[in-house]
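Structure at a glance
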Amino acid sequence: LRYSNNNKVEEYVIHLSLTNADSFNLLKEEGRKALYLWICCVFAISWVILLERLETFGKASGRYKKKIYELVKKRSEEDDTQSEYRIPDAYDEEGHVNQEKRFAVSLQRYNLDSAGDKMNPFAEQEAWEEHQMGKASLKYGSKNKNQSNDYEYVFEDKIDFIRDSVIDGENLDELHSELPDKSKEKSALEMLQEERKTLPIYPYRDELLQAVNEYQVLVIVGETGSGKTTQIPQYLHEAGYTKQGKIGCTQPRRVAAMSVAARVSQEMGVKLGHEAFINSSEKLWTLKCSEFHLQVGYSIRFEDCTSEKTILKYMTDGMLLREILSEPNLESYSVLMVDEAHERTLSTDILFGLLKDLIKFRSDLKLLISSATLDAEKFSDYFGSAPIFKIPGRRYPVEIHYTKAPEADYIDAAIVTVLQIHVTQSPGDILVFLTGQEEIETADEILKHRTRGLGSKIAELIICPIYANLPTELQAKIFEPTPEGARKVVLATNIAETSLTIDGIKYVIDPGFSKVKSYNPRTGMESLLVHPISKASAMQRAGRSGRTGPGKCFRLYTLHNYHKDMDDNTVPEIQRTNLANVVLILKSLGIDDLVNFDFIDPPPEEALLKALELLFALSALNKLGELTKVGRRMAEFPLDPMLSKMIVASDKDKCSDEIITIAAMLSVGNSIFYRPKDKQVHADNARMNFHLGNVGDHIALLRVYNSWRECNYSTQWCYENYIQVRSMKRARDIRDQLEGLLERVEIEVTSNLNDLDAIKKAITSGFFPHSAKLQKNGSYWTVKHPQRVHIHPSSGLAQVLPRWVVYHELVLTTKEYMRQVTELKPEWLVEIAPHYYQLKD
Ligand code: ADP
Ligand code: MG
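Cut-off values and rules
- By convention here, each chain's residues receive numbers from 1 onward along its written sequence.
- Note on labels: chains are lettered from A, ligands numbered from 1, in written order.
- Per-residue local features of the predicted model are confined to residues with pLDDT of at least 70, and side-chain atom pairs are confined, for both listing and counting, to 80 or more; whole-chain, interface and lining totals are unaffected and use all residues.
- The basis for every side-chain value is the complete set of non-hydrogen atoms in the structure, without hydrogens or water.
- The patches described consist of residues with a relative accessible area above 30% and no salt bridge, like charges being joined within 9 Å and nonpolar side chains (Val, Leu, Ile, Met, Phe, Trp, Tyr) within 5 Å.
- Residue exposure ignores everything except the shown protein chains as possible cover, and the areas themselves are Shrake-Rupley values with a 1.4 Å probe.
- What makes a salt bridge here is a side-chain nitrogen of Lys or Arg within 4 Å of a carboxyl oxygen of Asp or Glu, nothing more.
- Elements are defined by DSSP. Helices are runs of H or I of four residues or more, strands are runs of E of two residues or more, and each kind is numbered from the N terminus.
- Note on definitions. A residue lies near a molecule or strand when any single heavy atom of the residue is within 4 Å of it.
- Any pair of nitrogen or oxygen atoms within 3.5 Å is treated as a polar contact; in protein, a donor-acceptor pairing is required on top of that, and neighbouring residues in sequence qualify only through side-chain atoms on both sides.
- Residues count as neighbours in contact if any of their non-hydrogen atoms are within 4.5 Å of one another.
- Between buried and exposed lies partly exposed: a residue is buried under 20% and exposed over 50% of the maximum accessible area for its type, with that area taken using a 1.4 Å probe on protein chains only.
- Stacked, tilted and edge-to-face are the three classes assigned to paired rings of Phe, Tyr and Trp, where Trp is represented by its six-membered ring and a pair needs centres within 6.5 Å; plane angles under 30 degrees give stacked, over 60 edge-to-face, the rest tilted.
- To get an axis, fit a line to the C-alpha atoms, keeping to the stretch in contact for a helix; angles then go from 0 to 180 degrees between the N-to-C directions.
- With respect to orientation, any angle under 35 degrees is reported as roughly parallel, any angle over 145 as roughly antiparallel, any angle of 65 to 115 as roughly perpendicular, and every other angle as oblique.
- Helix crossings get a hand from a simple test, with the near helix turned counterclockwise from the far one by less than a right angle marking a left-handed crossing and a clockwise turn marking a right-handed one.
- Charged means Asp, Glu, Lys or Arg here, nonpolar means Ala, Val, Leu, Ile, Met, Phe, Trp, Tyr, Cys or Pro, and polar covers whatever is left, Gly included.
- By the convention used here, strands pair only if DSSP detects at least 2 bridges between them.
- Under the convention used throughout, the expected extent of a helix is 1.5 Å for every residue step, that is, one less than its residue count.

To continue, consider a nonpolar patch on the surface. A surface patch of nonpolar side chains, about 600 Å² in accessible area, is lined by Leu35, Tyr36, Ile39, Phe43 and Trp47. Along the chain, Trp47 falls in helix H1 (residues 21–81).

Glancing now at the site of ligand 1. Near ligand 1 you find 15 residues, and of these Gly225, Lys228, Thr229, Thr230 and Arg547 are the closest. In the environment of ligand 1, an oxygen atom lies 2.9 Å from a nitrogen or oxygen atom belonging to the backbone of Gly227. Contact with the protein chains removes 94% of the 560 Å² of surface that ligand 1 exposes when unbound. Secondary-structure elements contributing two or more residues to the shell around ligand 1 are helix H8 (228–238) and helix H9 (254–271). Sorting elements by how many residues they give to the shell around ligand 1 places H8 first, with three residues.

For side chains bearing opposite charge, pairing can occur when the charged atoms are close. For the structure shown, the criterion picks out 38 salt bridges. For Glu223, the salt bridge is made with Arg544, and the minimal N-O distance between the two is 3.5 Å. On the criterion of sequence distance, the pair formed by Glu223 in the loop between strand E4 (217–222) and H8 and Arg544 in the loop between helix H18 (535–543) and strand E19 (551–555) is long-range, its members being 321 residues apart. Lys677 is the partner of Glu445 in a salt bridge, and the nearest nitrogen-oxygen pair spans 3.1 Å.

With respect to the helices, strands and loops of the structure, Thr403 is situated in strand E12 (residues 398–403). Non-local contacts of Thr403, meaning those with residues more than four positions away in its chain, are made with Ile159, Asp160, Phe161, Arg555, Leu556, Tyr557 and Thr558.

Another point: unusual backbone geometry. Positioned with a positive phi, Leu330 is a non-glycine residue whose angle comes to about 50°. Among the structural elements, Leu330 can be located in the loop between helix H11 (317–326) and strand E9 (333–338). Under the relative-accessibility criterion, Leu330 is labelled buried at 0%. We note that Tyr713 has phi near 55°; this positive angle belongs to a residue other than glycine.

Attention now moves to the environment of Leu594. By the secondary structure assignment, Leu594 is in the loop between helix H20 (580–588) and helix H21 (605–617). In this structure, the C-alpha to C-alpha distance between Leu594 and Asp409, residues 185 residues apart in sequence, is 44 Å. Discounting residues that sit within four places of it in the chain, Leu594 has contacts with Val583, Leu586, Lys587, Phe599, Leu608 and Leu612.

Here the structure, examined in full by the defined rule, presents 16 aromatic pairs. Here Tyr402 and Tyr562 contribute two aromatic rings whose centre-to-centre distance is 6.0 Å and whose plane-to-plane angle is 55°, an arrangement assigned as tilted. Of this pair, Tyr402 sits in strand E12 while Tyr562 is found in helix H19 (residues 559–565), placing the two residues 160 residues apart along the sequence. The same class applies to Tyr402 as to Tyr562, namely buried. Ring geometry for Phe597 and Phe599: centres 4.8 Å apart, planes at 65°, overall edge-to-face. The same class applies to Phe597 as to Phe599, namely buried.

The subject of this paragraph is the packing of helix H14 (residues 410–424) against helix H15 (residues 437–451). In contact at an axis separation of 10 Å, H14 and H15 are set at 40° when each is read in the N-to-C sense. Between H14 and H15, the angle falls in the class oblique. Handedness of the crossing formed by H14 with H15: right-handed. On H15, the residues touching Tyr410, Ile411, Ile415, Val416, Val418 and Leu419 of H14 are Glu439, Ala443, Ile446, Leu447, Arg450 and Thr451. Among the residues making up the contact of H14 with H15, the classes are represented as nine nonpolar, one polar and two charged.

Before going further, it helps to examine the side chain of Asn721. By the secondary structure assignment, Asn721 is in the loop between helix H27 (715–720) and helix H28 (725–744). Of the residues examined, Asn721 reaches a relative accessible area of 17% and is grouped as buried. A polar contact is formed between the side chain of Asn721 and the backbone oxygen of Trp717, at a distance of 2.8 Å. Residues within four places of Asn721 in sequence aside, it is in contact with Ala686 and Phe690.

Next up on the list: the sheet that holds strand E7 (residues 303–305). Pairing in this open sheet of eight strands is mixed, and the strands run E7-E6-E8-E5-E9-E10-E4-E11 from one edge to the other. The open sheet terminates on both sides in strands that have one partner only, identified here as E7 and strand E11 (388–391). Pairwise comparison of adjacent strand axes, ignoring direction, gives a mean angle of 20° for this sheet. In the sheet, strand E6 (residues 296–300) pairs with strand E8 (residues 312–316) via four bridges, with the strands oriented parallel. Counted as the bridge partner of Val296 is Leu312 from E8.

Before going further, it helps to spend a moment on the sheet that holds strand E20 (residues 771–774). The five strands are arranged E20-E21-E22-E24-E23 in a closed barrel whose pairing can be described as mixed. This sheet shows a mean twist of 50° between the axes of neighbouring strands, independent of strand direction. Looking at chain direction, strand E23 (residues 804–812) and strand E24 (residues 816–823) are connected through seven bridges and run antiparallel. Each residue of the ladder has a partner; that of Leu810, found in E24, is Met818. Its contacts with the sheet place helix H26 (residues 697–710) against E23 and E24, and it is angled at close to 70° to E24.

Moving on to the environment of Ser534. Here Ser534 is to be found in the loop between strand E18 (525–532) and H18. Each C-alpha atom of the pair Ser534 and Gly551 lies 21 Å from the other, and the pair is 17 residues apart in sequence. Once you skip the residues sitting within four places of it in the chain, Ser534 turns out to touch Asp567, Asp568, Asn569 and Thr570.

Moving on to H26. Taking 1.5 Å of rise per residue, the 14 residues of H26 would be expected to cover 20 Å, and the 20 Å separating its terminal C-alpha atoms lies within 8% of that figure. H26 sits mainly inside the fold: 10 of its 14 residues count as buried. Within the span of H26, buried status applies to Asp697, His698, Ile699, Ala700, Leu701, Leu702, Val704, Tyr705, Asn706 and Trp708.

Right, here's the structure in full:
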């Protein structure tokens with residue numbers, strides 16, 4: 001053993017000799033000493049570290065207490081002054097927003113935690129601080145329990161909002177006296193009838209009936225939820241208008257038509273003594289076409305839930321348009337109400353023109369135009385200065401909040417805001433506006449994922465999606481009252497803007513977008529695009545939060561965006577869509593002079609010409625612009641002209657059986673194949689089975705349907721093949737109806753399954769304007785009006801890239817994609833449409 005000057009062991013040099021016991025003992029003793037020494041050193045160092053850590057913690061917890069104090073103080077000051085509202089954010093010690101923290105947080109939001117750590121060395125420390133702060137706030141409590149700081153503890157993402165303005169309430173005084181008295185025990189029947197009396201329209205019932213009696217045309221304006229859609233037809237029925245004929249009420253959206261009919265049948269069903277069904281909206285839905293709807297019915301494309309006994313009929317505006325084809329004078333109606341007129345859908349606009357003409361001949365027909373917004377003057381002027389009946393609105397004030405900075409991903413921002421509201425705001429349901437089914441499903445999934453496992457940390461969040469293709473039994477869910485202690489969040493498309501009123505909404509989240517059909521008349525290309533909404537729409541959306549109490553609207557865009565990027569009003573559909581369908585209907589009605597048709601707002605001339613050109617190419621019109629026999633047959637089908645032409649043309653190649661199946665499958669939309677996240681490979685394999693031989697997407701759809709039919713329409717089969725059974729059932733419904741229509745136009749149902757070329761030729765007969773040719777770089781050029789397009793990755797031909805293809809539709813996502821693609825032979829184009837395509841020498 002060697003010792004250093006200060007007596008510490010410096011080195012051991014060990015020579016063992018088992019025979020020398022002394023040196024062995026010495027070694028043992030010195031070794032033990034050395035060991036003790038080492039243990040002492042380690043202890044001392046540990047103590048120093050521990051003390052240092054404790055000191056930091058002490059300082060830190062002092063700082064957190066101060067932070068929380070300032071936070072609470074700041075928030076209570078804000079509550080007092082209401083000058084700026086801010087959902088809890090990453091504040092620094094002075095109460096300023098900590099930009100660095102925001103940075104870390106926003107990275108986390110995009111699932112880049114590890115990258116965030118690398119880029120921001122403070123992230124980990126901050127996370128720890130935040131965690132501690134959450135604990136501290138739980139421990140020390142806060143002055144305001146409702147706006148608890150647990151939030152910091154539960155979720156890490158936040159968005160900064162700035163309160164901008166308040167939309168004032170209207171006519172609040174009358175409100176309190178009219179709330180239903182819930183204290184006494186009442187039957188469901190009585191409750192529903194009392195509820196009817198609380199609606200803003202109720203005090204004006206008699207005045208309204210008097211006005212209808214006096215004038216043939218009446219424009220009715222009233223805030224959404226005032227009772228126009230559900231009450232006016234009932235008032236008219238009660239006043240005896242149904243003795244001379246039906247009351248028809250049009251809706252721009254099919255979900256609205258169905259849902260309102262259900263509600264009204266419930267309100268009337270009670271009266272008729274079907275009390276057993278009152279409390280169960282599910283039962284009501286499953287009853288659908290049974291006796292329950294005898295008096296109140298609905299009619300939407302491919303679904304007619306009416307009977308001989310129907311007296312109140314809700315329908316889409318498109319269906320009334322088609323009804324005029326078979327009943328030009330609409331004799332069976334005594335009153336027609338064109339509801340949601342402000343939406344200015346294409347069908348509503350065309351109905352205006354036709355009904356304006358019709359009332360000249362039918363002096364007994366009453367026409368009501370009802371609208372949620374201020375276009376009333378315009379409608380009144382159009383209908384020869386028809387009187388305007390205003391139902392005074394009743395709305396509580398609504399606070400408008402804008403984001404401080406633009407949000408890059410509005411779905412993500414919407415989700416974060418839902419969670420922020422849920423943990424920081426007082427009770428009240430949330431309504432989120434998204435653009436379509438896909439977005440809603442995504443948001444639904446993420447919300448469920450993020451709240452899962454939080455247990456009692458947050459109150460229950462009930463997520464209710466609503467969009468056009470949602471199965472009816474789930475649609476009713478949005479109207480069910482929210483249980484005590486829970487919060488409902490409705491994820492809706494534009495449908496909740498004015499068509500449906502959901503009671504109890506207190507918070508609206510408006511990302512500022514909707515899906516808009518846009519049409520390029522030059523190329524004839526139509527696409528659905530996500531587009532900023534108009535200021536008028538934004539106001540409507542905000543208004544949805546102030547129906548039952550003061551509300552708040554969180555706009556996921558900045559005030560600057562609102563002023564700069566949003567138009568005042570939405571452009572009417574007639575000015576931005578393909579007109580081929582309505583031109584065919586108008587031609588069938590014998591209206592030849594389209595240029596002089598009394599449009600409330602005329603469509604662009606170019607679009608009219610384009611529609612005529614297409615109908616001519618499809619042989620629906622002759623050179624003089626007159627309807628041909630083919631055109632007359634096509635008009636019988638409630639489908640786009642190209643689809644109808646495909647069906648009519650299938651007669652020639654004797655494959656109508658296959659073609660109506662394909663048309664039905666295409667009409668269902670893109671919801672046939674099911675691709676669960678955890679089984680994508682299985683699902684893709686199952687899908688590719690239908691594509692064997694690279695037959696193209698149309699034939700693949702046909703195979704899916706035929707296989708399902710061979711298995712006796714089995715649900716199990718769908719399950720095994722990753723096919724959505726609901727979509728298949730709808731396809732079957734549609735197919736049945738198309739088969740009925742075939743009979744009407746005297747086309748025999750014939751099958752020619754072995755001749756795939758015959759089927760493809762029939763498809764081409766309808767869709768030849770949608771043909772495209774492969775280019776060297778793997779993209780395609782559309783043939784008629786050259787434009788670069790690509791085969792959609794979901795297509796069975798995406799890897800095959802045939803030289804010539806015909807497609808069903810174009811969608812614009814990251815690129816212009818062709819969806820539902822089939823190979824064609826170029827000589828077919830010349831054979832089928834010689835007037836459209838010519839061979840180059
Ligand atoms: P408006 O047409 O003026 O916008 P509505 O007649 O649609 O008003 O709505 C009146 C009331 O009826 C609202 O309180 C709404 O919540 C209720 N309501 C409408 N449809 C349904 C439904 N399907 N289920 C439950 N309540 C409904
Ligand atoms: Mg309505």
